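Residue strings, one per chain:
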Amino acid sequence: MESFNEEQVKQQVKVKKEKSPLVTSIISSTVVALITSSVFLFAGDYVHNDQKQEADAVTTQTSNANVQKVSTSNVDSNSIADIVENASKSIVGVVNYQESQTKNWFGEPNAQAANGESETVESGTGSGVIWKKENGKAYIITNNHVIEGAAKVEISLYDGTKTKADVVGADALTDLAVLTIDASDVPEGLTFGDSDSVRPGESVLAIGNPLGLDFSRSVTQGIVSAINRTMSVDTSAGEWELNVLQTDAAINPGNSGGALINTSGEVVGINSMKISESGVEGLGFAIPSNDVIPIAEQLVKSGKITRPYLGISLMNVSDIPQYYRQNVQNSVQSGVIITGVEANSAAAEAGFQQEDIIVAVDGVEVGTATEFRKQLYTEKKIGDKVSFTIYRGNDKKTITVTLQSKQ
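Report on the accompanying structure. (Residues numbered from 1 in each chain as written. Predicted model: local features only at pLDDT ≥ 70, side-chain atom pairs only at ≥ 80, totals over all residues. Heavy atoms only, no water.)

### Some thoughts on the pairing of strand E19 (residues 357–361)
Part 1: Extensive coverage of E19 is indicated by the burial of five of its five residues.
Part 2: As judged from the two bridges shared by strand E18 (residues 336–341) and E19, these two strands associate in the antiparallel manner. Bridge pairing in E19 places Val336 opposite Ile358.
Part 3: Where E19 lies against strand E21 (residues 385–392), four bridges are found, and the strand directions are antiparallel. Its bridge partner being in E21, Val361 is matched across the sheet by Phe388.
Part 4: Both E19 and strand E20 (residues 364–365) contribute to a ladder of two bridges, which runs antiparallel. Residue pairing in the sheet places Val361 in a bridge with Val364 of E20. (Buried < 20%, exposed > 50% of the residue type's maximum accessible area, 1.4 Å probe, protein only. Helix = DSSP H or I, 4+ residues; strand = E, 2+ residues; numbered from the N terminus. Pairing = 2+ DSSP bridges.)

Listed below in structure tokens is the structure:
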């Protein structure tokens, strides 16, 4: 019987996913596949790449620079204009610069690169919302995928002023980040409203920078189409399920990190993603403000979101190619298989091994890596003793671990 080989399995799964005809997502300069019944695009990541621009053109609405009127809205157009005028100055452009090793005509590193130096090039743009001003600093909330991998982040203000930003903290799973710039001559922050009070059918405005800074502070109007949607996303920290507001206000590449605003001028969401598929229109999503603020406050306080950490890498049992399933207990149809155990981690000390299959956390069944992380990150905390039900070959075992933070 051939032994389980992590790299071969990962390659098999990678090929399997790459063959899906639905996957066309752009995140800054990173391609992210969000495989569901439709295609989810993180929306705020205008990338200067002709091929990607052509692919996005199918879903781009040419009227996104103007306010779209919704026939069901009973809000006076003058009050909408006032809201936009007051809010748009606090919406900024966020430019992601990444390092690039430059080469000469012969494909050889130039003098800078040969000396270990590199230059930064613009990788993509998104949007951001001025949240507050404190102690001479202005705090800006945006999406993690807008600034992920950046060597330098630049903010473009409403008057065209550009200034370097510092990243206070970022969290891949919740797709949120907080930046700071000098508060001199920066507009006041916007008020964040209560997203729990938002109802389907309410009018909302989306303000951001679709397709880059040339269309900065574009406004689109729509309604809240639904609340408490759960969207599966694939992040740099693993698969996750985001709670989002759904809106039909036009959201295009470059809008990520921008504001979804109610008719009181309050931010009720941070625009984050859309569905891009032929024949589909008006399906955009925003992270609710009540989810945004606690994460932003913790990022300001600690620079990161601290979660329990086991020290294992995982794969869904259902993703294992059929050829390798001969090594999996026949009765196990779901769960997560351990593909690696970090040395000196809590998992290693507790006795977890590669190829163990986790099927339950404290008696709660987990069928996927997303469900596993949800149990670990939202239901447990650092210091908790947690029991994991596993299969090791044909043997069913229970392993108890005291959860730790990542060192």
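### Here's the deal with the pattern of salt bridges
Part 1: As enumerated under the stated definition, the model contains eight salt bridges in all.
Part 2: We note a salt bridge from Lys381 to Asp384, for which the minimum N-O separation is 3.4 Å. (Salt bridge = Lys/Arg side-chain N within 4 Å of Asp/Glu carboxyl O.)

### Describing unusual backbone geometry
Part 1: One non-glycine residue, Asp185, lies in the positive phi region at around 60°.
Part 2: Relative to the assigned elements, Asp185 resides in the loop between strand E9 (176–182) and strand E10 (203–208).
Part 3: On the basis of relative accessibility, which here comes to 73%, the residue Asp185 falls in the exposed class.
Part 4: Even without glycine at this site, Glu355 takes up a positive phi of about 85°.
Part 5: With respect to the secondary-structure elements, Glu355 resides in the loop between helix H7 (346–350) and E19.

### Description of the side chain of Ser345
Part 1: Here Ser345 lies in the loop between E18 and H7.
Part 2: Polar side-chain contacts of Ser345 include one of 3.4 Å to the backbone oxygen of Leu310.
Part 3: There is a polar contact of 2.6 Å between the side chain of Ser345 and the backbone oxygen of Glu342.
Part 4: Apart from residues lying up to four places away in sequence, Ser345 is in contact with Leu310 and Gly311. (Polar contact = N/O pair within 3.5 Å; in protein donor to acceptor, adjacent residues only side chain to side chain. Contact = heavy atoms within 4.5 Å.)

### With respect to the sheet that holds strand E7 (residues 152–156)
Remark on secondary structure: sheet strands pair via backbone hydrogen bonds, oriented parallel or antiparallel.
Part 1: The six strands lie next to each other as E4-E5-E6-E9-E8-E7, forming a closed barrel whose pairing is antiparallel. Across the sheet, the axes of successive neighbouring strands diverge by a mean angle of 40°, strand direction being ignored.
Part 2: The pairing of strand E5 (residues 119–134) with strand E6 (residues 137–142) spans five bridges and is antiparallel. Bridge pairing links Val129 to Ile141 in E6.
Part 3: Here helix H6 (residues 289–302) sits on the sheet in contact with E5, E6, strand E8 (162–171) and E9, set at roughly 60° to E9. (Axes fitted to C-alpha atoms, helices over the stretch in contact; angles between N-to-C directions.)

### Examining H6
Part 1: The end-to-end C-alpha separation of H6 is 20 Å, in line with the 20 Å expected for 14 residues at 1.5 Å each.
Part 2: What H6 keeps buried is the set Ser289, Val292, Ile293, Ile295, Ala296 and Leu299.
Part 3: Note on H6: the residue one or two positions beyond its end, Gly303, has a positive phi of about 80°. (Expected span 1.5 Å × (residues − 1).)

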